[in-house]
2 protein chains.
Amino acid sequence: MTPKVFYISDGTAITAEVFGHAVLSQFPIEFEALTIPFVETIQKAQKVKQQINDCFITTGERPLVFHSIINPEIRNVIFSSECVDYDFLNTFVAPLEQHLGVQAKPLLHRTHGKSNHGYETRIDAINYTMENDDGQTMKHMDKADIILLGVSRCGKTPSSLYLSMQFGIKAANYPFTEEDMDNLKLPEALKRNKSKLFGLTIDPHRLHEIRQSRMENSRYSSLRQCRLEVKEVEMLYKKERIPFVNTTNHSVEEIATKILDITGLERHMF
Amino acid sequence: MTPKVFYISDGTAITAEVFGHAVLSQFPIEFEALTIPFVETIQKAQKVKQQINDCFITTGERPLVFHSIINPEIRNVIFSSECVDYDFLNTFVAPLEQHLGVQAKPLLHRTHGKSNHGYETRIDAINYTMENDDGQTMKHMDKADIILLGVSRCGKTPSSLYLSMQFGIKAANYPFTEEDMDNLKLPEALKRNKSKLFGLTIDPHRLHEIRQSRMENSRYSSLRQCRLEVKEVEMLYKKERIPFVNTTNHSVEEIATKILDITGLERHMF
């Protein structure tokens with residue numbers, strides 16, 4: 001039977017999910033997961049305990065619980081349920097206390113709350129990216145931290161958004177279109193910001209697939225056109241010595257963190 | 001002295017960052033963190049080892065290392081450095097193996113790579129949100145998973161983007177403007193999708209602050225106007241029985257996960 005997993009937290013439960021998912025993905029089996037955030041009261045914890053116990057009765061197996069609950073009374077309610085408990089935070093707090101010679105002072109909403117400094121930076125970055133997506137204006141390119149380049153549908157927009165959302169980076173992006181291909185060159189606003197340019201490229205077959213699902217059997221989506229655009233754009237990157245990555249087999253997370261790794265831009269955390 | 005921390009991974013290092021940050025934020029002191037992703041070769045690991053050892057020599061204290069490296073040879077290079085090592089994944093793998101009766105089979109890029117199912121869902125959701133941001137069109141409202149409502153600058157766009165990026169949810173959003181206030185009501189396309197509506201509200205003073213930084217001393221940013229808009233919109237939510245949250249003291253993560261918690265929309269993981 002597919003093992004059942006609960007991710008439980010008194011906050012967003014994002015940490016519990018990320019950690020539990022990372023541990024469980026080491027196993028070659030499927031899990032059925034349920035996330036329960038904002039368990040901030042004894043009453044809510046008792047309801048969760050009931051859910052866990054019901055799960056045990058139904059399946060005959062104790063579900064796995066990954067939790068990050070700060071309040072000890074609430075935590076004890078969860079502990080007292082019929083679960084296999086992985087208290088992943090506290091496992092490391094005691095050895096760290098000893099090493100640092102500092103006592104932990106756990107606070108609620110410490111990791112994904114709003115108190116973290118730099119929160120305005122993040123919202124400003126998201127707004128910047130929205131306003132400077134897809135080359136809709138060149139006016140603010142001088143304010144960018146990074147400017148992603150690439151053909152239509154190679155991953156510019158999701159990558160830019162991830163950079164701004166997760167890392168507070170003002171990421172603009174600029175598309176090269178069909179019309180640019182005869183004489184591909186950098187517009188003035190980009191030349192001026194040469195050190196901020198970063199290219200994306202993609203396998204032409206994959207690009208063809210993606211474009212087909214948007215505009216079937218068009219010139220835009222033809223393999224011939226995809227090949228041409230990718231070839232021209234990669235030549236430009238090389239000629240202008242613009243660093244670039246191939247997005248074909250990579251997730252948004254991988255593309256964004258590779259860009260930061262290559263450019264040396266700082267990773268903020270929120 | 002501020003303790004030094006390294007987050008090291010053979011992948012994006014996002015898991016190492018999230019976990020390490022969650023553990024360290026239990027302590028009432030500052031840390032100086034450096035993230036090193038994509039440590040995929042022995043050579044790169046040896047460079048990292050050198051960095052760690054240099055840090056030890058400079059500061060006289062072994063830096064903390066949170067890592068998620070799968071390859072044992074690469075991991076051993078990091079282990080052999082002058083660090084205090086927190087191998088947070090493997091700490092839980094052995095007890096889980098025993099409990100599940102299944103042997104772990106660690107794979108590279110397992111958590112933030114592209115192999116995770118539902119990846120297209122996510123990109124589709126991001127595209128949907130970009131195309132249906134700020135009420136720019138009402139044509140696709142029927143396809144939304146959720147439609148966020150609210151006055152200008154109350155947090156609709158970042159929340160929608162987070163929902164699509166992190167949870168693969170097609171989140172549209174629709175703004176109520178100054179002109180709507182005399183006779184505030186739901187447009188037809190929203191009435192038709194009543195069950196998908198979710199309201200955001202905000203403290204008028206905070207709204208005033210945010211708007212001031214964009215359009216100083218305008219009618220739009222005046223406290224009087226902010227008060228009026230928030231009051232009208234909250235009355236509409238109550239009259240139409242639209243669930244809503246106040247964004248004033250919450251991060252994007254908290255707003256997004258609260259919305260999912262209240263609506264019961266499923267959290268996908270990518």
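From a predicted model like this one, the values you see are computed outputs, not experimental measurements.

Definitions and cut-offs
Along every chain, residues carry numbers that run from 1 in the direction the sequence is written. By the order in which they are written, chains take letters starting at A while ligands take numbers starting at 1. In keeping with the predicted nature of the model, local features appear solely for residues at pLDDT of at least 70, side-chain atom pairs appear and are counted solely at 80 or more, and the whole-chain, interface and lining totals rest on all residues. To obtain the side-chain values, all non-hydrogen atoms of the structure were included, while hydrogens and water were left out. Numbered from the N terminus, helices here are DSSP runs of H or I no shorter than four residues, and strands are runs of E no shorter than two. Exposure is judged per residue with a 1.4 Å probe applied to protein chains only, and the accessible area is read against the type maximum: over 50% gives exposed, under 20% gives buried, and values in between give partly exposed. Contacts are assigned to residue pairs that have any heavy atoms within 4.5 Å of one another. Only the protein chains shown count as covering a residue, and every accessible area follows the Shrake-Rupley method with a 1.4 Å probe. As used here, buried area is the combined drop in accessible area, with a 1.4 Å probe, of two parts when they are placed together. For salt bridges, the criterion is a side-chain nitrogen of Lys or Arg within 4 Å of an Asp or Glu carboxyl oxygen. Polar contacts, as counted here, are pairs of nitrogen or oxygen atoms within 3.5 Å of one another; within protein the pair requires one atom able to donate a hydrogen and one able to accept it, and residues that are adjacent in sequence qualify only if both atoms are side-chain atoms. Inter-axis angles, ranging from 0 to 180 degrees, are taken between N-to-C directions of lines fitted to C-alpha atoms, where helices are fitted over the stretch in contact. Any angle that is under 35 degrees is reported as roughly parallel, and any over 145 degrees as roughly antiparallel; angles of 65 to 115 degrees are reported as roughly perpendicular and all others as oblique. Crossing chirality is assigned from the near helix's rotation relative to the far helix, an anticlockwise turn below a right angle marking it left-handed and a clockwise turn marking it right-handed. Residues are sorted three ways: Asp, Glu, Lys and Arg are charged, Ala, Val, Leu, Ile, Met, Phe, Trp, Tyr, Cys and Pro are nonpolar, and all the rest, Gly among them, are polar. Pairing between strands is defined by DSSP: at least two bridges between the two strands are required. Note: the arc covers the axis-to-C-beta directions of the helix. Alignment of copies: least-squares fit on C-alpha atoms of residues with pLDDT of at least 70 in both copies. Boundaries of every domain are those given by an automatic assignment or by a domain database. Residues are called lining when one of their atoms sits within 4 Å of a cavity or pocket point, these points coming from a 1 Å grid over the protein atoms alone, where a cavity is a set in which a 1.4 Å probe fits but cannot get out and a pocket is an open set with protein on both sides within 12 Å along at least five of seven lines. Grid points are joined across faces, edges and corners, and a volume is the space filled by probe spheres set on the points. Here, nonpolar core means buried Ala, Val, Leu, Ile, Met, Phe, Trp, Tyr and Cys residues that are tied together by side-chain atoms lying within 4.5 Å of each other.

This part covers the overall build of chain A. Per the secondary structure count, chain A includes 10 helices and 8 strands. With the C-alpha coordinates aligned to their principal axes, the bounding extent of chain A is approximately 70 × 45 × 30 Å. Burial status across chain A gives 56% buried among its 270 residues. When contacts within chain A are restricted to residue pairs at least 6 apart in sequence, those whose partners lie at least 24 apart make up 71%. If you sum the accessible surface of chain A, you get close to 12,200 Å²; carbon and sulfur atoms cover 49% of it.

Contacts between the two partners involve 82 residues from chain A and, on the opposite side, 82 residues from chain B. Summed over both partners, the interface of chain A with chain B comes to about 7,300 Å²; 66% of that surface belongs to carbon and sulfur atoms. A salt bridge links A:Arg206 to B:Glu120; the shortest N-O distance between them is 3.0 Å. Taken together, chain A and chain B are joined by 17 residue pairs in polar contact (both at pLDDT 80 or more). Broken down by secondary-structure element, the contributors of at least two residues to the side of chain A that touches chain B are helix H1 (14-24), strand E3 (64-68), strand E4 (84-86), helix H4 (88-100), helix H5 (119-131), helix H6 (156-167) and helix H10 (252-263) of chain A. Top element by residues in the side of chain A that touches chain B is H4(A). It accounts for 10 residues.

Here we take up the packing of H6(A) against helix H6 (residues 156-167) of chain B. Their axes nearest at 11 Å, the elements H6(A) and H6(B) cross at an angle of 115°. The angle between H6(A) and H6(B) falls in the class roughly perpendicular. Between H6(A) and H6(B) lies a crossing whose hand is left-handed. Across the interface between the two elements, A:Pro158, A:Leu161, A:Tyr162, A:Met165 and A:Gln166 from H6(A) touch B:Pro158, B:Leu161, B:Tyr162, B:Met165 and B:Gln166 from H6(B). Looking at the contact of H6(A) with H6(B), its residues break down into 8 nonpolar, 2 polar and no charged.

What follows concerns the pattern of salt bridges. Close approach of charged atoms allows side chains with opposite charge to pair. One pass over the structure, following the stated rule, counts 24 salt bridges over all chains. With a closest N to O distance of 2.8 Å, B:Glu253 and A:Arg122 form a salt bridge. In this pair, B:Glu253 sits in helix H10 (residues 252-263) while A:Arg122 sits in helix H5, so the two residues belong to two different chains. In terms of burial, B:Glu253 and A:Arg122 fall into one category: buried. Note that B:Lys4 is salt-bridged to B:Glu32, the shortest N-O span being 3.7 Å. On the criterion of sequence distance, the pair formed by B:Lys4 in strand E1 (residues 4-9) and B:Glu32 in strand E2 (residues 32-36) is long-range, its members being 28 residues apart.

As a further point, take the sheet that holds strand E8 (residues 244-246) of chain A. All names here are of chain A. In space, the 4 strands of this open sheet follow the order E6-E5-E7-E8, with parallel pairing throughout. Edge positions in the sheet fall to strand E6 (171-176) and E8, since each of these pairs with one other strand and no more. Between one strand and the next, the sheet's axes are offset by a mean angle of 25°, whatever the strand orientation. Contacting strand E5 (146-151), strand E7 (197-201) and E8, H10 runs over the sheet at an angle of about 140° to E7.

The next thing to look at is helix H8 (residues 204-214) of chain B. The complete set of buried residues in H8(B) reads B:Pro204, B:Arg206, B:Leu207 and B:Arg211. Projected down its long axis, H8(B) carries its buried residues within an arc of 160°, all on one side. Those residues of H8(B) hidden inside the fold are in contact with H5 of chain A together with strand E5 (146-151) and helix H9 (223-240) of chain B.

Here the focus is the pairing of E6(A). All names here are of chain A. Within E6, 6 of the 6 residues are buried, leaving the element largely enclosed by the surrounding structure. The two faces of E6 match: Ala171, Asn173 and Pro175 on one face and Ala172, Tyr174 and Phe176 on the other face are all buried. Examined bridge by bridge, E5 and E6 share 6 bridges and lie parallel to one another. Pairing of Gly150 across the sheet is with Pro175, part of E6.

Turning next to the relation of the copies chain A and chain B. When chain A is brought onto chain B, the operation consists of a screw motion whose angular component is 180° and whose axial shift is 0.0 Å, with 0.0 Å RMSD remaining. Taken together, these values place the two copies in the relation of a two-fold axis. Scanning chain A for the C-alpha nearest the rotation axis identifies A:Phe19, at a separation of 3.2 Å. An overlap of 100% is found between the interface residues of chain A and their copies at the interface of chain B, pointing to a shared contact surface.

Residues and elements named next belong to chain B. The sheet built from 4 strands is open, its strands ordered E2-E1-E3-E4 with parallel pairing. Edge positions in the open sheet fall to E2 and strand E4 (84-86), since each of these has one partner strand only. Between one strand axis and the next, the sheet turns by 20° as a mean value, whatever way the strands run.

Along its sequence, chain A is organised into domain 1 (4-100) and domain 2 (119-263). The C-alpha centroid of domain 2 of chain A is placed 40 Å from the C-alpha centroid of domain 1 of chain A.

Here we come to empty space enclosed by the protein. Per the stated rule, a full pass over the model turns up 3 cavities of 30 Å³ or more. Approximately 430 Å³ is the volume attributed to the largest cavity. When residues of the lining of the largest cavity are traced back to their parent elements, those giving at least two are H1 and H6 of chain A together with helix H1 (14-24) and H6 of chain B. Considering every element that reaches the lining of the largest cavity, the biggest residue donor is H1(A), with 6 residues. For the lining of the largest cavity, a count of residues per class yields 13 nonpolar, 12 polar and 6 charged.

Moving on, we come to the nonpolar core. If you look at the biggest cluster of nonpolar residues, it comprises 94 residues, and the most contacted ones within it are A:Leu149, A:Leu163, A:Phe176, B:Leu149, B:Leu163 and B:Phe176. Residues A:Phe19, A:Phe66, B:Leu64 and B:Leu89 belong to the second largest nonpolar core, which totals 40 residues.

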